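Take a look at the letters that make up each chain.
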There are 2 protein chains.
Amino acid sequence: MSGNREIHLASRPQGWPTAENFRLVSTEVPTPGPGQLVVRNRFISVDPYMRGRMNDVKSYVPPYALDAPLDGAAVGEVLASEAEGFAPGDTVLHGLGWREYALLDAKAARKVDPDLAPVSAYLGVLGMTGLTAYAGLLDVAAMRPGETVFVSGAAGAVGSMVGQIAKLRGAGRVIGSAGSPAKVERLRALGFDAAFDYHDGPVYQQLKAAAPDGIDVYFDNVGGEHLEAAIGAMNLHGRAAICGMIAQYNATEPPAAPRNLALLIGKRLTLRGFLVGDHNHLREQFVRETAGWLRDGKLSYDETVVDGIEHAPEAFLGMLRGENLGKMLVRV
Amino acid sequence: MSGNREIHLASRPQGWPTAENFRLVSTEVPTPGPGQLVVRNRFISVDPYMRGRMNDVKSYVPPYALDAPLDGAAVGEVLASEAEGFAPGDTVLHGLGWREYALLDAKAARKVDPDLAPVSAYLGVLGMTGLTAYAGLLDVAAMRPGETVFVSGAAGAVGSMVGQIAKLRGAGRVIGSAGSPAKVERLRALGFDAAFDYHDGPVYQQLKAAAPDGIDVYFDNVGGEHLEAAIGAMNLHGRAAICGMIAQYNATEPPAAPRNLALLIGKRLTLRGFLVGDHNHLREQFVRETAGWLRDGKLSYDETVVDGIEHAPEAFLGMLRGENLGKMLVRV
């Protein structure tokens, strides 16, 4: 056995992160104490929210510490267990990614069924990503059948689920924006009624062309110009679920802000920010419904996989630049 | 009888309106047809939303026509009636203000009780103004006892009600902003726990000093810097009822926009625009509760009264400039 390798935060990024902000560190493979497990990670998730945790500011989760391993969702097999209910070979989902071997309290691990779906799915379509899409669309934005839905960052892990779930739940029309012609093509293949590349022109004009009768729901992964365009295109009583604002995570200047917020009044619009952690009451319903869609072949999901813990920083940086189609994962 | 006088829109304002945008016109006192009333108006309401109707843009109410009388809430006595259920001398509330005599269909008039409160109160504390405050605070923002509430434009007709209703409904702390030392003093007399003049420094700093533990509810009459400050000061799960954005109604440039909307996500904030017309289901409860507070001397309201229909444009312009304390009215 060749030891453990993990990624530390070497310095806090100013604006866009670079490879220099990360450090690959070799350590010993840990040994579990009472009530603990050691897990050999197989897939590690890299997600937009991690960028915020690299800043030294108070937020909904504490910032990452310098010169310590990063963390985040991961899935792997139990290598050694000193905890009741867990045996070597069990597949578990947990929060200590960014490393090859994780030492964790058994209560911080959740067993998942590797026969129901590929284990990587528990980081995406059947995991936090999928629940984010499901809860944001159906609970936060309260989408109703027949409505028109717009999602930005639609080829990403969350966005591609939002669009498909909207169609499966009876949306009248689903529109997605993405950052390349290949992604736009993929959205059409996933069943989006319309899709556009935001590089091709002002978002508002493209959105109005795609949704001449306006939109009822906006699922925001991007912020900035996209949010302003969505507010402009919204119908009466429209709702926006604000999930992410990736356009500004690396901004060093104050970001562009929607200048048309006065429309909230006359159109009676609601903008609501959310975190998936507040919606765990939906998890059971979400897993049941989503597993059914997967089984019936009604839901597709994309993964972009980077191999090797040593390439996790590149995977993260590539995800921020939008190089992924669907869920960005590191296989270790 | 000396004829009728009314105010017409002579031209559409560009930016701040001026007296030249209005015209005083003399006409005949009308005669009612079948099912109609003629009302001698006594008080006419001038409100911020009217500025929007002076632009030639589609909104939640149609724009005012050029060279025709403006309209808006008014209260007066029936002079002549050709409608069942209405007799000369009845006091009625209706929507044809900006004139001395109004000809209207009886179904567009609502009888009010002049013995319950001064008739002007039906344009303010017991009318649309009061219901706007009540519905926005309790329904749209869903204020709960113990919470901290911030209201901008707090010395205005709506704002002063919001603050007092918040206290009466058990808010833990109520903070108001206004535009002059006299208004700030008035807010303290009305029972606000803290009040500040937004000219005295950045809104965010003043708000944080007044609410060191943050705010839970923001009632927005102003927009712009106030909204950004409120978002910055909000606690987890905070809610903003967006009622007005008077700071930008006369703007000819795109208005300042909150640059901190990404906080909506981590703090799970909700911004919701509303119009009082969507909340008529609360009217009965509102009148009952508010009339009780008035009777018990628990609710105060201010009126700034300008005399003479010929001065209605000045009253409107003064209201936009914030020269009123409480409800701005024209007595005719």
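About the thresholds
Residues numbered from 1 in each chain as written. Chains lettered and ligands numbered in written order. Predicted model: local features only at pLDDT ≥ 70, side-chain atom pairs only at ≥ 80, totals over all residues. Heavy atoms only, no water. Pairing = 2+ DSSP bridges. Helix = DSSP H or I, 4+ residues; strand = E, 2+ residues; numbered from the N terminus. Axes fitted to C-alpha atoms, helices over the stretch in contact; angles between N-to-C directions. Contact = heavy atoms within 4.5 Å. Domains from an automatic or database assignment. Buried area = accessible area lost by both parts, 1.4 Å probe. Salt bridge = Lys/Arg side-chain N within 4 Å of Asp/Glu carboxyl O. Phe/Tyr/Trp six-rings, centres within 6.5 Å; stacked < 30°, edge-to-face > 60°. Buried < 20%, exposed > 50% of the residue type's maximum accessible area, 1.4 Å probe, protein only. Lys NZ or Arg CZ within 6 Å of the ring centre and 35° of its normal. Parallel < 35°, antiparallel > 145°, perpendicular 65-115°, else oblique. Left-handed = near helix turned anticlockwise from the far one by under 90°. Nonpolar A, V, L, I, M, F, W, Y, C, P; charged D, E, K, R; others polar. Least-squares fit on C-alpha atoms with pLDDT ≥ 70 in both. Expected span 1.5 Å × (residues − 1). 1 Å grid on protein atoms, 1.4 Å probe; cavity = no way out; pocket = protein on both sides within 12 Å on 5 of 7 lines; lining within 4 Å. Points joined across faces, edges and corners; volume = space filled by probe spheres on them.

Colleague: Teacher, can you tell me more about the sheet that holds strand β10 (residues 194–197) of chain A here?
Modeller: Backbone-to-backbone hydrogen bonds pair the strands of a sheet. The strands run either parallel or antiparallel. Read from one edge to the other, the open sheet built from twelve strands follows the order β10(A)-β9(A)-β8(A)-β11(A)-β12(A)-β13(A)-β13(B)-β12(B)-β11(B)-β8(B)-β9(B)-β10(B), with strand pairing classed as mixed. Every other strand in the sheet has two partners, leaving β10 of chain A together with β10 (194–197) of chain B as the edge strands with one partner each. If you compare each strand with its neighbour and ignore which way they point, the axes differ by 15° on average. Of the pairings in the sheet, the one linking strand β12 (residues 234–242) of chain B to strand β13 (residues 270–273) of chain B comprises four bridges and is parallel in character. Bridging from a neighbouring strand, R239 of chain B pairs with T270 of chain B of β13 of chain B. The strands touched by helix α4 (residues 181–189) of chain B are β9 (173–178) and β10 of chain B; relative to β10 of chain B, the strand with the most contacts, the crossing angle is about 175°. On the sheet, helix α5 (residues 203–210) of chain B packs against β8 (148–151), β9, β10 and β11 (215–220) of chain B and is oriented at approximately 160° with respect to β10 of chain B.

Colleague: I keep staring at the domain arrangement of chain A and nothing clicks. Help me out?
Modeller: Residues and elements named next belong to chain A. Under the domain assignment used here, chain A contains domain 1 (4–124 + 302–331) and domain 2 (128–277). Each of domain 1 and domain 2 has a C-alpha centre, and the two are 28 Å apart. Counting from both sides, the interface comprises 21 residues of domain 1 and, opposite them, 14 residues of domain 2. Here domain 1 meets domain 2 over a buried area of about 1300 Å², counting both sides, of which 57% is carbon and sulfur. Across the contact surface, domain 1 and domain 2 share one salt bridge. With a shortest N-O distance of 2.8 Å, R186 and D302 are connected by a salt bridge.

Colleague: Please clarify how the packing of aromatic side chains should be interpreted in this entry.
Modeller: Think of a pair of aromatic rings as described by two things: how far the centres are apart, and how the planes are tilted against each other in angle. With the rule as written, the count across this model stands at 14 aromatic pairs over all chains. Between the aromatic rings of F219 of chain B and F274 of chain B, the centroid separation amounts to 6.0 Å while the plane-to-plane angle is 80°, which identifies the pairing as edge-to-face. Separated by 55 residues along the polypeptide, F219 of chain B in strand β11 and F274 of chain B in the loop between β13 and α8 (283–295) bring together distant segments of the chain. What makes F219 of chain B buried here is its relative accessible area of 1%. Taken together, the ring pairs connect F22, W98 and F316 of chain A into an aromatic cluster. In this structure, K111 of chain B packs its charged tip against the face of F86 of chain B, placed 5.5 Å from the ring centre.

Colleague: How should the packing of helix α2 (residues 128–140) of chain B against helix α3 (residues 157–168) of chain B be read in this particular structure?
Modeller: When two helices pack together, their arrangement is captured by the angle between the axes and the distance separating the axes. Residues and elements named next belong to chain B. Look at α2 against α3: their axes get within 8 Å of each other, and the N-to-C directions meet at 50°. Judged by the angle between their axes, α2 and α3 are oblique. Crossing of α2 over α3 shows right-handed handedness. Taking contact as the criterion, the partners of T129, G130, T132, A133, Y134, L137 and L138 in α2 are, on α3, A157, V158, M161, V162, I165 and A166. Its residues placed into classes, the contact of α2 with α3 shows ten nonpolar, three polar and no charged.

Colleague: Would you explain the side chain of E100 of chain B in this entry?
Modeller: Tracing the sequence through the fold places E100 of chain B in the loop between β5 (91–94) and β6 (101–105). Excluding anything up to four places from it in sequence, E100 of chain B contacts G3, N4, R5, V39, R40, N41 and I309 of chain B.

Colleague: Help me understand the relation of the copies chain B and chain A, please; the structure alone is not making it clear to me.
Modeller: Copy one and copy two of the chain differ by a rotation about a common axis and a shift along it. Note on the copies: chain B fits chain A at an RMSD of 0.0 Å, the axial shift is 0.0 Å, and the rotation between them is 180°. On this basis, the relationship between the two copies can be described by a two-fold rotation axis. Both copies share a contact surface, since 100% of the interface residues of chain B are interface residues in chain A too.

Colleague: What is the right way to look at helix α8 (residues 283–295) of chain A in this model?
Modeller: An α-helical turn contains 3.6 residues, so any two residues separated by three or four positions project in the same direction. All names here are of chain A. With 13 residues, α8 should reach 18 Å at 1.5 Å per residue; the first-to-last C-alpha distance of 18 Å fits that figure. Looking at α8, one finds that the buried residues are F286, T290, A291, G292 and W293. Buried residues belonging to α8 abut α2 (128–140) and α3 (157–168). Note on α8: the residue one or two positions beyond its end, G297, has a positive phi of about 70°.

Colleague: Looking at this structure, I do not really get empty space enclosed by the protein. What am I missing?
Modeller: It is the rolling of a water-molecule-sized probe over the atoms that shows where space remains empty. Residue and element names in this part refer to chain A. All chains considered together, the criterion is met by four cavities of 30 Å³ or more. Taken as a whole, the largest cavity encloses approximately 70 Å³ of empty space. In this structure, the largest cavity is lined by 13 residues; those nearest its centre are G124, V125, Y301, D302 and K327. With three residues, the top contributor of residues to the lining of the largest cavity is α3.

Colleague: Looking at this model, I keep getting lost on unusual backbone geometry. Mind explaining?
Modeller: Trans peptide bonds make up the majority, and among non-glycine residues the majority have a negative phi. With a phi angle near 65°, W98 of chain A is a residue other than glycine that sits in the positive phi range. Owing to a relative accessible area of 0%, W98 of chain A belongs among the buried residues under this scheme. Of note in this structure, R268 of chain B is not a glycine but carries a positive phi near 50°. Inspection of the secondary structure assignment puts R268 of chain B in the loop between α7 (263–266) and β13.

Colleague: Can you help me understand the interface of chain B and chain A in this one?
Modeller: Quite often, the size of an interface is put as the accessible area lost when its parts meet. Facing 28 residues of chain B, the contacting portion of chain A comprises 28 residues. With both chains or domains summed, chain B and chain A bury close to 2300 Å², and 66% of this area falls on carbon and sulfur atoms. The three residues of chain B that bury the most area against chain A are R259, I265 and R268 of chain B, which together make up 25% of that side's buried surface. At the boundary of chain B and chain A, one finds two salt bridges. R268 of chain A is the salt-bridge partner of D278 of chain B, the closest N and O atoms lying 2.6 Å from each other. Among the elements of the structure, β12, α7 and β13 of chain B are those that each provide at least two residues to the side of chain B that touches chain A. Among the elements that line the side of chain B that touches chain A, the one with the most residues is β13 of chain B, at four residues. Here the side of chain B that touches chain A is built from residues that sort into 18 nonpolar, six polar and four charged. Direction of pairing for strand β13 (residues 270–273) of chain A relative to β13 of chain B: antiparallel, over a ladder of three bridges. Bridge pairing in β13 of chain B links L271 of chain A to L271 of chain B.

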